[in-house]
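# Structural overview for review
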Protein chains: 2
Amino acid sequence: MTAYTLRPIGHVESALTDRAAAPRQPDEGAPDAWLVFDDRYAPALKGLTAGTDVLLLTWLDRADRDTLTVHPRGDATRPRAGVFATRAPDRPNPIGLHVVHVLAIADTRVHVRNLEALDATPILDVKPVLGQDR
Amino acid sequence: MTAYTLRPIGHVESALTDRAAAPRQPDEGAPDAWLVFDDRYAPALKGLTAGTDVLLLTWLDRADRDTLTVHPRGDATRPRAGVFATRAPDRPNPIGLHVVHVLAIADTRVHVRNLEALDATPILDVKPVLGQDR
């Protein structure tokens, strides 16, 4: 099958640097963070508004792409499941999907609440949460 | 910034072949479709269950990656918005995000309800809907 090339549009700035210490879900202690977009994408951010929730897509660049099954939540007492039935970061195309609340926007820097992505994680895309804006 | 390579894990089989005729959202007349996974990913599908909703990530291979602003829903009377504030397929990394209901699973073929993706669209990832399975 054809392969496709992702071009990251920015990166995450966060106090989280260690995968082992990172929360598994945003409501499990994830810190606020900055989304830093490349200047050339400034026009694409127009209409993004503080106070709303958005979907953030990232590339989990420290994931293992050859993993096909995992113990859910890393718990060895739970039977292995296919990665497509879990939210494990290890998977063939490790795309992270996060719902984040936008706290503030300063040019191409966007401050968001409770993001479980590690520092320097590449950003791929931002979309409105459906229902909220179509 | 570093570029990353996507490896499609399968493709969509659908009666939808024409982008101009495709519904913009699944509740606007999208047909049922098949997700056809490459055999080598069979282990990664273990745990996927008929009767549940899943998140499907696709690569919108007919999108224009240089578009940064659009008229929302293609309506020229609406002011241009940045693509990151819309669900337009045209965007730097055209990753499609779909919530689909699984009707049936037959080995590496998964039948789903109301999918607005075009026939032959590459599949990148499948994840549980959060809240439903963590």
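Cut-off values and rules
Residues numbered from 1 in each chain as written. Chains lettered and ligands numbered in written order. Predicted model: local features only at pLDDT ≥ 70, side-chain atom pairs only at ≥ 80, totals over all residues. Heavy atoms only, no water. UniProt positions renumbered as here; feature names shortened; annotations may be inferred. Least-squares fit on C-alpha atoms with pLDDT ≥ 70 in both. Contact = heavy atoms within 4.5 Å. Buried area = accessible area lost by both parts, 1.4 Å probe. Salt bridge = Lys/Arg side-chain N within 4 Å of Asp/Glu carboxyl O. Helix = DSSP H or I, 4+ residues; strand = E, 2+ residues; numbered from the N terminus. Pairing = 2+ DSSP bridges. Buried < 20%, exposed > 50% of the residue type's maximum accessible area, 1.4 Å probe, protein only. Axes fitted to C-alpha atoms, helices over the stretch in contact; angles between N-to-C directions. Polar contact = N/O pair within 3.5 Å; in protein donor to acceptor, adjacent residues only side chain to side chain.

Labelled according to an unreviewed UniProt entry, chain A appears under the name TsaA-like domain-containing protein, originating from Streptomyces sparsogenes DSM 40356. Under the UniProt heading Sequence similarities (unreviewed entry), the note attached to chain A is "Belongs to the tRNA methyltransferase O family."

### Quick notes on the relation of the copies chain A and chain B
Superposition record for chain A on chain B: RMSD 0.0 Å, screw rotation 180 degrees, translation along axis 0.0 Å. On the angle and the small slide along the axis, the relation comes out as a two-fold axis. Among all residues of chain A, the minimum C-alpha distance to the rotation axis is found for threonine 5 of chain A, at 2.4 Å. Both copies present the same face, since 100% of the interface residues in chain A are matched by interface residues at the equivalent positions in chain B.

### Examining the interface of chain A and chain B
At the junction of the two partners, chain A supplies 54 residues and chain B supplies 54 residues. Carbon and sulfur atoms make up 58% of the surface buried where chain A meets chain B, a total of about 5200 Å² over both sides. The interface formed by chain A and chain B includes two salt bridges. Measuring nitrogen to oxygen at the nearest pair gives 2.6 Å for the salt bridge that ties arginine 91 of chain B to aspartate 125 of chain A.

### Remarks on the environment of arginine 24 of chain B
Residue and element names in this part refer to chain B. Here arginine 24 is to be found in the loop between strand S2 (10–13) and strand S3 (33–37). With 60 residues separating them in the primary sequence, arginine 24 and phenylalanine 84 have C-alpha atoms 16 Å apart. Arginine 24 has contacts with Arg73, Gly74 and Glu116, leaving out every residue within four places of it along the chain.

### Considering the pairing of strand S7 (residues 95–106) of chain B
Residue and element names in this part refer to chain B. In terms of strand pairing, strand S4 (residues 53–59) meets S7 through seven bridges, oriented antiparallel. Bridged to tryptophan 59 within S7 is isoleucine 95. Pairing analysis gives five bridges linking S7 to strand S8 (residues 109–113), with the strands arranged antiparallel. Along S8, the bridge assignment pairs histidine 101 with arginine 113. The turn linking S7 back onto S8 is made up of two residues, and aspartate 107 within it adopts a positive phi angle of 55 degrees.

### Focus: the pairing of S3 of chain B
All names here are of chain B. In terms of burial, S3 is a largely internal element, four of the five residues being buried. Sheet analysis places S2 next to S3, joined by four bridges and oriented antiparallel. Counted as the bridge partner of glutamate 13 is tryptophan 34 from S3. As paired elements, S3 and S8 share four bridges and run antiparallel to each other. By the bridge assignment for S8, tryptophan 34 is matched with histidine 111.

### Overview of the pattern of salt bridges
A full pass over the atoms with the stated rule returns ten salt bridges over all chains. Aspartate 61 of chain B is the partner of arginine 62 of chain B in a salt bridge, and the nearest nitrogen-oxygen pair spans 3.2 Å.

### Concerning the sheet that holds strand S4 (residues 53–59) of chain A
Ordered in space as S2-S3-S8-S7-S4-S9 (chain A), the six strands form a closed barrel in which the pairing is antiparallel. Taking each pair of neighbouring strands and ignoring which way they run, the sheet shows an average axis angle of 45 degrees.

### Regarding the side chain of threonine 58 of chain B
Residues and elements named next belong to chain B. Among the secondary structure elements, threonine 58 is positioned in strand S4. In terms of polar contacts, threonine 58 uses its side chain to reach the side chain of histidine 98, at 2.8 Å. Setting aside residues no more than four positions away along its own chain, threonine 58 makes contact with Pro94, Ile95, Gly96, His98, Thr121, Pro122, Ile123 and Leu124.

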